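Chain residues, written in single-letter form:
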Amino acid sequence: QVQLVESGGGLVQPGGSLRLSCAASGSIFSINAMGWYRQAPGKQRELVATITSGGSTNYADSVKGRFTISRDNAKNTVYLQMNSLKPEDTAVYYCNREPPVRVEGMDYWGKGTLVTVSS
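Here the structure is a predicted model, which means the values were calculated and not measured.

Right, let's talk about the sheet that holds strand β3 (residues 18–24) for a bit. Here we have 4 strands laid out as an open sheet, ordered β1-β3-β8-β7, and antiparallel in their pairing. Strand pairing shows two members of the sheet lacking a second neighbour, β1 (4–7) and β7 (67–72), which therefore form its edges. Averaged over all neighbouring strand pairs, the angle between strand axes comes to 15°, with direction disregarded. As paired strands, β1 and β3 are joined by 4 bridges and run antiparallel to one another. By the bridge assignment for β3, S7 is matched with S21.

Below you can see the structure in the form of structure tokens.
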């Protein structure tokens, strides 16, 4: 069964921090690279961070130095530590395999978790 459950979002002031978590089914997580994506209002979904099964990471320029992706392979969970948050980080955040899981010919997404950065 395919499952992606994101959590940890909320309202935070600029400069604040949040830690997002994502529980994935083993069929998705296993040996695959995982990623955090985000979709801001009126914009396309974008990939912000990836991590391989071995722990190698990559980040979008817009979050480099502020966000840290990590994973716990024993728990099938991936995390995103977000520091020095900016209003432009406001978005719904999703985790997924990189590239995204496809079910019946379409990309499969969880419900995501909303991050709002505002004073």
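So, on to the pattern of salt bridges. Counted by the stated rule, this structure contains 5 salt bridges. E46 is paired through a salt bridge with R38; the nearest N and O atoms lie 2.7 Å apart. For E46, a relative accessible area of 34% gives the class partly exposed. In this structure, K64 and D61 form a salt bridge, with 3.2 Å as the shortest nitrogen-oxygen distance. By relative accessible area, which is 66% here, D61 ends up exposed. Overlapping salt bridges bring together R38, E46, R66 and D89 as one network.

Parameters at a glance
Residues numbered from 1 in each chain as written. Predicted model: local features only at pLDDT ≥ 70, side-chain atom pairs only at ≥ 80, totals over all residues. Heavy atoms only, no water. Pairing = 2+ DSSP bridges. Helix = DSSP H or I, 4+ residues; strand = E, 2+ residues; numbered from the N terminus. Axes fitted to C-alpha atoms, helices over the stretch in contact; angles between N-to-C directions. Salt bridge = Lys/Arg side-chain N within 4 Å of Asp/Glu carboxyl O. Buried < 20%, exposed > 50% of the residue type's maximum accessible area, 1.4 Å probe, protein only.

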